[in-house]
Amino acid sequence: MNSDEVIKRIGNLHATDLLPQNVKNWEETRMFLQKIVEILLEYIREENDRSSKILEFHHPAEMLQILDLSIPDKPMTLSELLNCCREVLKLGVKTGHPRFFNQISCGLDLVSMAGEWLTATANTNMFTYEIAPVFILMEQEIMRKMIELIGWSPDEGDGIFTPGGAIANLYAMNAARHHCFPRAKPLGMTSVPTLCAFTSEDSHYSIKGAAAVCGIGADNCFAIRSDAIGRMIPEALEQEIIRCKKDGLHPFFVCATAGNTVYGAFDPLPQIADICVRHGLWFHVDAAWGGGLLLSPEYRHKLAGVERANSVTWNPHKLMGALLQCSACFIRQEGLLFQTNQMSADYLFQQDKPYDVSYDTGDKAMQCGRHNDIFKLWLMWRSKGMEGYRRQINRLMELAEYFTNRIKTTEGYEMVVAKPEFLNICFWYVPESLRLLDPKEKMARLDKVAPKIKAKMMERGTTMVGYQPDKQRPNFFRMIISNQAITHNDLDFLIEEIINLGKNL
Ligand SMILES: *Cc1c(COP(=O)(O)O)cnc(C)c1O
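Parameters and conventions
Residues numbered from 1 in each chain as written. Predicted model: local features only at pLDDT ≥ 70, side-chain atom pairs only at ≥ 80, totals over all residues. Heavy atoms only, no water. Pairing = 2+ DSSP bridges. Helix = DSSP H or I, 4+ residues; strand = E, 2+ residues; numbered from the N terminus. Domains from an automatic or database assignment. Contact = heavy atoms within 4.5 Å. Buried area = accessible area lost by both parts, 1.4 Å probe. Salt bridge = Lys/Arg side-chain N within 4 Å of Asp/Glu carboxyl O. Polar contact = N/O pair within 3.5 Å; in protein donor to acceptor, adjacent residues only side chain to side chain. Nonpolar A, V, L, I, M, F, W, Y, C, P; charged D, E, K, R; others polar. Phe/Tyr/Trp six-rings, centres within 6.5 Å; stacked < 30°, edge-to-face > 60°. Buried < 20%, exposed > 50% of the residue type's maximum accessible area, 1.4 Å probe, protein only. Expected span 1.5 Å × (residues − 1).

The name given to the protein in an unreviewed UniProt entry is Glutamate decarboxylase, with Acrobeloides nanus as the source organism.

1. Notes on the sheet that holds strand S12 (residues 476–480)
Spatially, the five strands line up as an open sheet ordered S1-S11-S12-S10-S9, and their pairing is mixed. Edge strands, defined here as strands with exactly one partner in the open sheet, are strand S1 (100–101) and strand S9 (413–415). As defined by bridge partners, S9 adjoins strand S10 (residues 424–429) across three bridges and the pair is classed as antiparallel. Looking at S10, one finds that Tyr-413 is bridged to Tyr-429.

2. Brief notes about the domain arrangement of the protein
Segmentation of the protein into domains returns domain 1 (3–94), domain 2 (125–371) and domain 3 (382–501). Between domain 1 and domain 3, the contact holds six residues from the first and 10 residues from the second. At the boundary of domain 1 with domain 3, total buried surface from both sides reaches about 690 Å², with 56% on carbon and sulfur atoms. There are one salt bridge connecting domain 1 and domain 3. The partner of Asp-490 in a salt bridge is Arg-50, and the shortest N-O contact between them spans 2.7 Å. Where domain 1 packs against domain 3, one counts three residue pairs in polar contact (both at pLDDT 80 or more). Taken together, the residues of the side of domain 1 that touches domain 3 break down into four nonpolar, no polar and two charged.

3. Describing the environment of Lys-384
Secondary-structure assignment places Lys-384 in helix H13 (residues 374–409). Considered as a pair, Lys-384 and Glu-38 are 346 residues apart in the sequence and their alpha carbons are 26 Å apart. Beyond its immediate sequence surroundings of up to four residues, Lys-384 is in contact with Asp-109, Tyr-389, Gln-392 and Gln-484. Within polar-contact distance, the side chain of Lys-384 engages the side chain of Asp-109 at 2.8 Å.

4. Description of the packing of aromatic side chains
Within this structure, the stated rule accounts for 15 aromatic pairs. Seen from their ring centres, Phe-135 and Phe-375 are 6.0 Å apart, and the 75° between their planes marks the pair as edge-to-face. Here the residue Phe-135 occupies a position in helix H6 (residues 133–150), and Phe-375 occupies one in helix H13, the gap between them amounting to 240 residues. There is no split in this pair, since Phe-135 and Phe-375 are both buried. Seen from their ring centres, Phe-266 and Phe-422 are 5.2 Å apart, and the 65° between their planes marks the pair as edge-to-face.

5. Re helix H7 (residues 165–180)
An α-helix turns once every 3.6 residues. As a result, residues three or four positions apart point the same way. When the terminal C-alpha atoms of H7 are compared, their 23 Å separation across 16 residues agrees well with the 22 Å that a helix rising 1.5 Å per residue should span. Counting buried positions along H7 yields 12 of 16 residues, so the element is predominantly enclosed. Those residues of H7 not exposed but buried are Gly-165, Ala-168, Asn-169, Leu-170, Tyr-171, Ala-172, Met-173, Asn-174, Ala-175, Ala-176, Arg-177 and His-178.

This is the structure:
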């Protein structure tokens with residue numbers, strides 16, 4: 001049956017004509033799903049075609065004109081639903097395009113995607129062994145592997161997959177607070193002295209957010225100065241801890257970042273760990289972005305000291321390329337996650353079940369239901385093996401070095417941080433008209449350049465890269481090399497494209 005015949009046969013049917021209501025219409029059901037798969041396959045083919053556009057940019061008001069998002073009174077037909085799917089994909093952003101460099105999580109690993117399809121079909125919840133036996137055991141296996149890579153001993157460590165790294169950081173801070181002041185769980189913060197936490201000024205904003213949520217207060221999360229390349233200055237940390245103690249606050253938590261979001265800098269973990277030991281503080285490592293480097297024997301030394309952490313955040317949906325979302329929080333002290341979050345809901349976590357109920361992970365979570373984020377990671381990891389990951393990550397590091405050299409040697413470009421440590425390359429493009437200005441004037445005018453180039457870039461839709469300002473620096477581009485599809489050619493393309501777009505500024 002060709003495509004037209006299929007549409008003729010099923011186009012005017014409705015969802016209720018198919019399974020699960022209408023078991024006899026298996027053939028029609030199969031045709032509908034096959035059509036959906038065809039649409040997805042076509043999208044994947046096009047996304048990987050470098051001559052295709054990454055996006056068709058429209059302003060929100062315009063978009064609302066083009067796109068009807070309303071819920072109708074009457075059910076839509078299958079043919080209309082298929083059109084909805086095409087339309088949505090057409091107007092979205094192709095984040096897996098080899099020239100999309102805009103975000104830390106990009107690229108579309110097809111095995112991980114296949115895993116997500118299976119996950120969606122199995123559609124189970126992760127709270128008990130009872131309803132997710134295979135996935136629960138799989139999660140344990142993968143968490144053991146990740147804990148081994150972190151470097152904790154086999155009898156240490158526990159973890160949970162969370163809805164993103166920001167929530168993983170919240171899990172860590174909450175566990176730290178419970179460890180120091182278990183009474184806060186039943187009684188709230190009135191039973192606790194005024195706590196304070198520390199993180200670098202270049203760390204992720206979710207640490208401050210966690211302090212707000214945990215009742216510590218965002219203002220009691222102190223931003224520690226970092227050096228010229230974005231690494232926390234340990235001496236500044238210790239001074240701040242001592243000052244806080246003098247002021248009557250109770251320090252309890254330090255976050256070190258391994259691969260920070262803007263510069264990709266790695267805080268000096270061993271020195272920070274020493275300070276935490278000296279002052280009796282919880283040592284958290286936010287390796288949401290940098291954690292993947294643990295898979296590379298050549299580069300894992302950048303995280304040396306992570307094995308001393310009390311907790312670690314690691315997002316497989318970033319460097320490892322798992323599909324969104326896939327993040328984990330690891331806690332070194334066995335049992336602490338349970339103690340922190342357990343509420344013992346009788347309707348889920350009966351203690352007299354016929355199996356070992358320690359496999360019911362639900363009570364480790366703040367959430368009730370939890371999405372299955374493990375299968376897509378497990379399947380993808382198996383598809384690469386340890387060897388494949390080592391190659392993939394080393395290759396990205398080489399591409400970053402290549403790009404850095406190109407920026408350094410191409411006229412008009414300037415590095416923001418001369419020697420990037422990781423896969424973030426921050427740079428300015430200085431249009432010719434600005435090159436001879438005095439430095440102060442140049443910096444002031446430079447602030448407008450990246451936003452203008454980015455706006456033109458989005459109109460053209462050929463490539464995408466993010467920009468941002470910083471404390472003392474005007475807007476700069478932040479290049480991220482994390483998509484395994486990227487080639488040298490794609491990097492050259494970006495450099496040329498920015499020159500073209502910035503020509504007459
Ligand atoms: C991305 C990132 C986060 C937040 O992770 P989400 O999955 O986006 O919530 C936290 N910390 C660091 C260092 C990150 O790069």
